[in-house]
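Architecture and fold: a report
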Amino acid sequence: MIRRTSLVLVGALMGAAATGVVYSSIVPAVAANASTYRELSIFGDVFERVRAQYVTPPQDDKLIENAINGMLSSLDPHSSYMNSTDAEDMRTQTKGEFGGLGIEVTMEDDLVKVTSPIDDTPAAKAGVLAGDFISKIDGQDVRGLKLEEAVDKMRGAVGKPIKLTILRKGAEKPIELTIIRDIIAVRAVKFRVEGDVGYLRVISFTEKTYDDLKNGIEKIKAQVPADKLKGFVLDLRLNPGGLLDQAINVSDAFLERGEVVSTRGRNPDETRRFNATPGDLTDGKPVIVLVNGGSASASEIVAGALQDLKRATVLGTRSFGKGSVQTIIPLGDAGALRLTTALYYTPSGKSIQGTGISPDIKVEQPLPPELLGKVETTSESSLRGHIKGQNENEEGSGSVAYVPPEAKDDLQLNYALDLLRGKKSDPAFPANPEKAELKP
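Residues numbered from 1 in each chain as written. Predicted model: local features only at pLDDT ≥ 70, side-chain atom pairs only at ≥ 80, totals over all residues. Heavy atoms only, no water.

**What about the overall build of the protein?**
From N to C terminus, the protein includes nine helices and 24 strands. Expected size for 440 residues packed as a compact globule is a radius of gyration near 22 Å; at 24 Å, the protein falls within 12% of this value. Burial status across the protein gives 45% buried among its 440 residues. Of the contacts formed within the protein by residues at least 6 apart in sequence, a portion of 70% connects residues at least 24 apart. Placing the 54 positive and 60 negative side-chain charges of the protein at their respective mean positions leaves the two points 2 Å apart. (Helix = DSSP H or I, 4+ residues; strand = E, 2+ residues; numbered from the N terminus. Rg over C-alpha atoms; globule rule 2.2 N^0.38 Å. Buried < 20%, exposed > 50% of the residue type's maximum accessible area, 1.4 Å probe, protein only. Contact = heavy atoms within 4.5 Å. Lys, Arg positive; Asp, Glu negative; His and termini not counted. Charge placed at Lys NZ, Arg CZ, Asp CG, Glu CD.)

In structure tokens, the structure reads:
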């Protein structure tokens, strides 16, 4: 079942737009003509002029890095240069583990609020509780910091101590805790039993996603007898993507056969096809996939594969619409180049670039009053300089990316549960794999 391919990312552009990445050390040589070398000579002249005459002495490395990024950003929103720090951050994210404390946090009233300590992590063992507010990190006030900056400060080398100042409701004074960082494995999949339905939320596609999904399915099946289990909800909302091989494996977990996805590059001989292998982990139980405007790239590969192969019914709103693949070319100590090299296609041969996945059953999730006018539609088609998809039109891609914090307020989830329990019906549910038009 588990497929090992070259490391390919089809996920978030570090929290923004979606990307897809292949790690490669091979760069085909293509000879440039004389005019190209003349232009490069002009670049060298400009660089030296700036170094010598700009009003304040510039940093050479910043000049070069910004020049490279300027060239790449002129291609599309997903091609970029990553310096050594950025490249290491990407490797950490795709690995799914890092040196840290083990807490899920958000920002509230200019303080870092602990939403949940992760079980059996340094933070949990030290007594950090949900609802705690972190006011200082190693003596530095967190007010004025962005959430990302605060999180970066709490991450660090395994074995290195960190001092947190915590404000806790009911405590007479701030609590000082010294915690030793350890390896924190980020859960890529969260799961629970919703009565007689298994709920699987794929948060991101890291190296751990398939294993986490398999573990979740096994535990759900152990809790609910087969004759009582109505089916599964696979929640891909707000999932920005990640590793391609994990997207393929997650799709394969529900499939017995068929092409999962294909990638097509500049040259015909660069086309690659990935097929499902026998073995449906859910034993053929009905599946409903939830998507919204925050479902991007790797998420769209899974949704597109299960939709085209008639293995699942897709419910929600139109997805982000990111259908390109980027190759990561390591540059040694200098970092890495992220370059768009291909588009990917669903089993029916359709490109979702700029269009996204259209749900079989459209269910809008209304915004609460406090968010009206504050949440914008996210989409590939709205990105400046994006590659125009072959099927893209004025309608574009994407939709509002919002999921209520409480399940009782989640219209999309509850609609899916009603379908699985027979309280609602729709011609698109249940999906029938026998009606899929499989490629030979």
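Continuing now.
**Overview of the packing of helix α1 (residues 34-53) against helix α2 (residues 60-73)**
Packed helices, taken two at a time, are described by the angle between their axes plus the distance between the axes. Where α1 meets α2, the axes come as close as 11 Å, and the angle between the chain directions of the two elements is 145°. For the pair α1 and α2, the sense of crossing is right-handed. Facing F43, F47, V50 and R51 of α1, the residues of α2 in contact are D60, L63, I64 and A67. In terms of residue class, the contact of α1 with α2 is made up of six nonpolar, no polar and two charged. (Axes fitted to C-alpha atoms, helices over the stretch in contact; angles between N-to-C directions. Left-handed = near helix turned anticlockwise from the far one by under 90°. Nonpolar A, V, L, I, M, F, W, Y, C, P; charged D, E, K, R; others polar.)

**As for the packing of helix α6 (residues 209-223) against helix α7 (residues 244-252)**
Put simply, α6 and α7 touch, their axes get as near as 9 Å, and they point 20° apart. Between α6 and α7, the angle falls in the class roughly parallel. Our pair here, α6 against α7, has a crossing hand that is right-handed. Contact residues: T209, Y210 and L213 in α6; Q246, N249 and V250 in α7. Grouping the amino acids of the contact of α6 with α7 by side-chain chemistry returns three nonpolar, three polar and no charged. (Parallel < 35°, antiparallel > 145°, perpendicular 65-115°, else oblique.)

**Regarding the environment of K163**
By the element assignment, K163 lies in strand β9 (residues 161-167). Distance from K163 to F254, taken between C-alpha atoms, is 45 Å for residues 91 residues apart in sequence. In contact with K163, other than residues within four places in its own chain, are K136, I137, D138, G139, E176, L177 and T178.

**Quick look at the environment of I248**
Along the chain, the position of I248 falls in helix α7. Among the residues examined, I248 registers a relative accessible area of 0% and is labelled buried. With 50 residues separating them along the chain, I248 and A298 place their C-alpha atoms 8.5 Å apart.

**Things to note about a negative patch on the surface**
A cluster of acidic side chains, namely D86, D89, E148, E149 and D152, defines a negative patch on the protein surface. Taken together, the elements giving at least two residues each to the negative patch come down to α3 (84-95) and α5 (147-154). (Patch = residues over 30% accessible without salt bridge, like charges linked within 9 Å, V, L, I, M, F, W, Y side chains within 5 Å. Areas by Shrake-Rupley, 256 points an atom, 1.4 Å probe, with all protein chains shown as cover. Salt bridge = Lys/Arg side-chain N within 4 Å of Asp/Glu carboxyl O.)

**Here we look at α7**
Judged by how many residues are buried, α7 sits mostly within the fold: nine of nine residues are covered. Taken together, the buried positions of α7 are L244, D245, Q246, A247, I248, N249, V250, S251 and D252.

**Considerations on the UniProt feature "domain: PDZ" (unreviewed entry) in the protein**
In the numbering adopted here, UniProt assigns the feature "domain: PDZ" (unreviewed entry) to residues 87-157. Helix and strand shares over residues 87-157 are 31% and 34% respectively, and the end C-alpha atoms of the span are 17 Å apart. (UniProt positions renumbered as here; feature names shortened; annotations may be inferred.)

**Let's talk about the pattern of salt bridges**
Per the stated rule, a full pass over the model turns up 22 salt bridges. Residue R257 is joined to E434 by a salt bridge in which the shortest nitrogen-to-oxygen separation is 3.9 Å. Pair noted here: R257 is in the loop between α7 and β16 (259-265) and E434 is in the segment after α9 (411-420), with a separation of 177 residues, a long-range link. A residue is classified by how much of its surface remains accessible, and E434, at 62% relative accessible area, is exposed. Where R311 meets D280, a salt bridge forms, and the shortest distance between an N and an O atom there is 3.0 Å.

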